Amino acid sequence: MLDHPTLHHLKALRLDGMAEAFAELQMQDATADLGHAEWLGLLVDREVASRETKRFEARMRTARLRHVGASPEDVDYRARRGLDKALFQSLLTGRWITDKRNLIITGPCGVGKTWLGCALAQAACRDGVTVVYKRMPRLFEELELSHGDGRFPRLFRSITKAQLLILDDWGPDRLTSPQRRDLMEIVEERYGRGSTMITSQLPIKAWHDVIGEPTFADAILDRIVHNAYRLELEGQSMRKTITKMGDETPQD
């Protein structure tokens, strides 16, 4: 095992990427002809890559995505679900998040809404975007509890400060009065400051009834829908196809 003072110093300074690269280069005869600048360049490149990887992993842990392994490279554009390939690939660039626009993904159960949303979230994490994923039923439970135990300000900040907030599984239950107020506060705070992605089995035209109170519904939907991209999926559940073929992982 390589034992070199420089290696110890790099580890002591927590330059783990450079330490790994230094150890590898020392073991390779072909690097003997490299100049000092080339050596340094390789070490720095490895350190940058190592830190980027660690930051990405940290963002993914914070996001707590439902489908951690959902990757943009694994999206099945051949599945018969009406996925707009050009729009989806445009969304993968992250420009919609930079522009602080929203995204609504609708469609029947099992067509991959959540999985596709998580794939977009992973792409965002790669680009340095902070992401928070919440299932709507669970979010409302957390908000209700936080009002009682004093955690609401902290929870509210974590939700509203994220550059991308994913609200998964909107509807079909009608919102209660406290839920309407909390949702209004969230969308109002995020409006023009961050992007929100919503997935739902319900078409957008049914959302007004889910919110319930017309004044709240108009205000909430105005802040969510008017500047949102839309992915409207259709078709049979992919679980049925997957079960029959037995060669893929369910996407929603």
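This one's a predicted model, so the numbers in the text were calculated from it and none came from an experiment. (Residues numbered from 1 in each chain as written. Predicted model: local features only at pLDDT ≥ 70, side-chain atom pairs only at ≥ 80, totals over all residues. Heavy atoms only, no water.)

Peer 1: Provide a residue-level description of the sheet that holds strand S1 (residues 102-106), including the pertinent values.
Peer 2: The 5 strands are arranged S2-S3-S4-S1-S5 in an open sheet whose pairing can be described as parallel. Of all strands in the sheet, those with a lone pairing partner are strand S2 (131-135) and strand S5 (228-232), marking the two edges. Averaged over all neighbouring strand pairs, the angle between strand axes comes to 15°, with direction disregarded. Pairing of S1 with strand S4 (residues 195-200), which is carried by 4 bridges, proceeds in the parallel orientation. Residue pairing for S4: Thr 106 is matched across the bridge by Ser 200. Packing of helix H9 (residues 177-190) onto the sheet brings it into contact with strand S3 (164-170) and S4, and relative to S3 it is tilted by some 150°. (Pairing = 2+ DSSP bridges. Helix = DSSP H or I, 4+ residues; strand = E, 2+ residues; numbered from the N terminus. Axes fitted to C-alpha atoms, helices over the stretch in contact; angles between N-to-C directions. Contact = heavy atoms within 4.5 Å.)

Peer 1: Tell me what's going on with unusual backbone geometry, and back it up with residues and numbers.
Peer 2: Cis peptide bonds are those with omega within 30 degrees of zero, and the linkage from Gly 171 to Pro 172 qualifies with 5°. Structurally, Pro 172 is set in the loop between S3 and H9. Its identity as a non-glycine residue notwithstanding, Lys 100 has a phi of 60°, on the positive side. By secondary structure assignment, the location of Lys 100 is in the loop between helix H5 (95-98) and S1. In this structure Lys 100 comes out as partly exposed when scored by relative accessible area, which is 33%. Notably, Asp 169 is not glycine yet its phi reads approximately 70°, a positive angle. (Buried < 20%, exposed > 50% of the residue type's maximum accessible area, 1.4 Å probe, protein only.)

Peer 1: Provide a residue-level description of the environment of Ala 162, including the pertinent values.
Peer 2: Note that Ala 162 resides in the loop between helix H8 (152-161) and S3. On the basis of relative accessible area, Ala 162 is assigned to the buried category, the value being 5%. Sequence separation of Ala 162 and Val 131 is 31 residues, and the distance between their C-alpha atoms is 5.7 Å. Once residues lying within four places of it in the same chain are set aside, the contact partners of Ala 162 are Thr 130, Val 132 and Arg 190.

Peer 1: Residues and numbers for the pattern of salt bridges, please.
Peer 2: Under the criterion given, the structure shown has 12 salt bridges. A salt bridge links Asp 149 to Arg 151; the shortest N-O distance between them is 2.9 Å. Under the relative-accessibility criterion, Asp 149 is labelled partly exposed at 44%. A salt bridge links Glu 188 to Arg 223, with the shortest nitrogen-to-oxygen separation between them at 2.4 Å. Of this pair, Glu 188 sits in helix H9 while Arg 223 is found in helix H11 (residues 214-225), placing the two residues 35 residues apart along the sequence. The exposure class of Glu 188 is partly exposed, given its relative accessible area of 39%. Arg 223 sits in the partly exposed class, given a relative accessible area of 22%. (Salt bridge = Lys/Arg side-chain N within 4 Å of Asp/Glu carboxyl O.)

Spatial relationships are all this shows, so hold off on functional conclusions.
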